[in-house]
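What follows is each chain in one-letter form.
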Amino acid sequence: MKYEFDFASVLAQWPLFLEGAWTTVQLSFLATVLGFVLGALCAVGRGSRYGWLRRLVGAYVEAIRNTPLLVQSYFLVFGLSSVGATMPIMVGAVLALVINIGAYTCEILRAGIESIHGGQIEAAECLGLSHVQILWHVVLRPAVERVWPALTSQFVLMMLATSIMSSVGAEELLGVANRIQSDTFRNFEVFLVLWGLYLALSYLMRTGFWLLGLMVFTRRRKLGTPL
Amino acid sequence: MTSEQFFSLLQGAWGTLVLSLLTFAIGGLAGLALAMARISPARPVRVAAAAWIQLIQGTPLLVLMGLCFYGPNIAGIGSVPALLAATLAMSIYASAFLGEIWRGCIQAVHKSQWEAAECLGLTRWQRMRQVVLPQALRLATPPTVGFAVQIIKNTSVASLVIGFAELSYNAKVLNNSTFQPFVYFGAAALLYFAMSYPLSRWSLALERKLNASRR
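Further remarks concern the overall build of chain A. Along chain A, the regular secondary structure elements total ten helices and zero strands. Starting at the N terminus and walking to the C terminus, you meet the elements of chain A as α-α-α-α-α-α-α-α-α-α. Its C-alpha atoms put chain A at 75 × 50 × 30 Å along the principal axes. Within chain A, buried positions represent 37% of all 227 residues. Looking at chain A alone, contacts between residues at least 24 apart form 78% of all its contacts between residues at least 6 apart.

Next comes the structure, spelled out in C-alpha cells:
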C-alpha cells in the first residue's frame, strides 16, 4: 500500500491552527504567571514557622505531584460543574493548570531557597533589613536566579501539557486539531503539523525565558560569570 | 460505588501498570542506547542523538501518541492494537528523557576514572561497562525512580487519542454513566497516588542516602 500525503487540505485550515496556537499561548501565559505566584507563596509557606502551614503545603505538593494532570482536571472541572459551580472552559483549564504547576514550582523554589547560605540572612539581619526585605532581596531573588534553568524546563513541560486541556473542552492546538481531523480525515498529517507547531512554541518559550532571565538577573551579566 | 464499579477501576489500574512496566523496560533500553549515542566519539552520532532528543522533548506526549497510532496505518502495517501504539509512543517519550538523565549521570563520573581505566589498557567498551557504568548507576538510581513516577502519571493520556483502557479512561466511563465525578475521579486519583507515592518516597530516600555517603 502506498500512502499519498496530503498536506494541502490540512494546511488550508491554517486560520484554525493559528486560533488554537493563540489559545495555547494564552493558557500557558496565564498558568505560568499565576502558577509562579502560587508556587512562590507555597515555597515561603513551606519554610514557615507554623507547623500546620508547612504540613498543609506539603500535603498539597505531594497530592499534586503523585497524580496525573488529566485526572486532576477531570476532578476539578467535571466535579465543580456537578455541584453547580459551572464556569467558562478557559477558567477551568487555567485553574487546573495553575494548581498543578504551583506544586512543581514550589518544590523547585524550595530547593533554591534551601541553597541560600544562612550567613547571608544573618548578614542581612545585621544590616537592619526588615523581614520582608530579607525575604525579597536576600532569599527569593537569588533563589529564583539559581533555579531559573529548572523553572524554564518545568514551564515548557507545562506548556506542552496544555494539550491535555483539550480533554475538558479547551479549544487549544490539540482541540482544534481534533476538529480539523474530523473535517479532513488526514489524521497523520494533522499530527505532523502539530509536532512542528509545538516544537516552535517550545523553542520560542525557551528563548523568552532566557531573555527574561537576562533582563531580571542583571547581576550575572555584570559579573560575566555563568551563575 | 458498587463493587463491580470498583473492580472496573482496579482493572484500569492494571492497564496502567502494564503500560508503565512495558514503557519502563522498552523506553529504558532505548534510553540507554540514546545516552551512549550522546557521548559517542563519532560526532554525527552525537549530533543525531541530540537532535532526536530535542524533537521528542519539544512536543507533547499526546502528539507522539497520535503519530504512533496513525503512523503504522499509513506505513501499510494496518491498524495496531491500542496497547502496542501506546507502548510505542510512551517508550519513545521515555527514552528521550531517560537518555538525557543517564547521559548526565555518566558524564558526572569523574574524568580521572576514565583516564585511569584507559591507562590500565581497557578498551572503550570495558571502560564503560566495568568502570564508568557501575559508578553512574549509583548516581542514576534516584532520578530514574523519580521518572518512573512521571511514566505512571503520563500513561493517563493514553486513553485520549488512542483509547487504551487504563485507569483514567475507566474512571471517565464510570462517570459518564453515573455523573459522580468527585467519587470516581477521586478514587482514580487515590489509586494513582498509591502507585506513585511509594516510588516518590523511595527516590527521595535514595537521594538522601547518596548525598550522605558523598558528604
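There is more to say, and it comes next.
Tallying the contact residues gives 32 residues for chain B and 29 residues for chain A. Counting only elements with at least two residues in the side of chain B that touches chain A, the list comes to α3 (61-74), α6 (124-154), α7 (167-178) and α8 (181-214) of chain B. Residues of the side of chain B that touches chain A, tallied by class, amount to 19 nonpolar, eleven polar and two charged.

This part covers α3 of chain B. Compared with an ideal rise of 1.5 Å per residue, which puts 14 residues at 20 Å, α3 of chain B spans 20 Å between its outermost C-alpha atoms and is within 8% of the ideal. Those residues of α3 of chain B that fall on the buried side of the exposure criterion are Leu-61, Leu-62, Val-63, Leu-64, Met-65, Gly-66, Leu-67, Cys-68, Phe-69 and Tyr-70 of chain B. Contacts made by the buried residues of α3 of chain B are with α8 (173-184) and α9 (187-216) of chain A together with α4 (82-108) and α6 of chain B.

All names here are of chain B. Mean pLDDT over chain B works out to 91, with 98% of the residues at or above the 70 mark. Mean pLDDT values for the elements of chain B range from 89 in α8 up to 95 in helix α2 (residues 43-57). Reported confidences for the modelled complex are a pTM of 0.90 and an ipTM of 0.90.

Moving on, we get to the nonpolar core. Residue and element names in this part refer to chain B. In this structure, Met-65, Ala-86, Ala-89 and Ala-188 are the most contacted members of the largest nonpolar core, which totals 111 residues. The element contributing the most residues to this core is α4, with 15 residues. Beyond its immediate sequence surroundings of up to four residues, Met-65 is in contact with Ala-86, Ala-89, Val-157, Ala-158, Val-161 and Ile-162.

For α9 of chain A, which comprises 30 residues, the first-to-last C-alpha distance of 43 Å matches the rise-based estimate of 44 Å (1.5 Å per residue) to within 8%. Inspection of α9 of chain A places Asn-187, Phe-188, Glu-189, Val-190, Phe-191, Val-193, Leu-194, Tyr-198, Leu-201 and Met-205 of chain A among the buried residues, and these make up the whole buried set. Check the buried side of α9 of chain A and you find it contacts α1 (7-11), α2 (14-46), α7 (131-161) and α8 of chain A together with α3 of chain B.

Before going further, it helps to examine unusual backbone geometry. You will see that Phe-185 of chain A, though not glycine, has its phi angle at about 60 degrees, which is positive. Within the secondary structure layout, Phe-185 of chain A lies in the loop between α8 and α9. Assessed through the 11 C-beta atoms surrounding it within 10 Å, Phe-185 of chain A is described here as exposed. The backbone phi angle of Phe-179 of chain B is positive, close to 55 degrees, even though this residue is not glycine. Residue placement: Phe-179 of chain B occurs in the loop between α7 and α8. A count of 11 C-beta atoms within 10 Å places Phe-179 of chain B in the exposed class.

The rules we used
Residues numbered from 1 in each chain as written. Chains lettered and ligands numbered in written order. Predicted model: local features only at pLDDT ≥ 70, side-chain atom pairs only at ≥ 80, totals over all residues. Helix = DSSP H or I, 4+ residues; strand = E, 2+ residues; numbered from the N terminus. Buried ≥ 20, exposed ≤ 12 C-beta atoms within 10 Å, placed from the backbone. Contact = placed C-beta atoms within 7 Å. Nonpolar A, V, L, I, M, F, W, Y, C, P; charged D, E, K, R; others polar. Expected span 1.5 Å × (residues − 1). pLDDT = per-residue confidence, 0-100. Core = buried A, V, L, I, M, F, W, Y, C linked by C-beta atoms within 7 Å.

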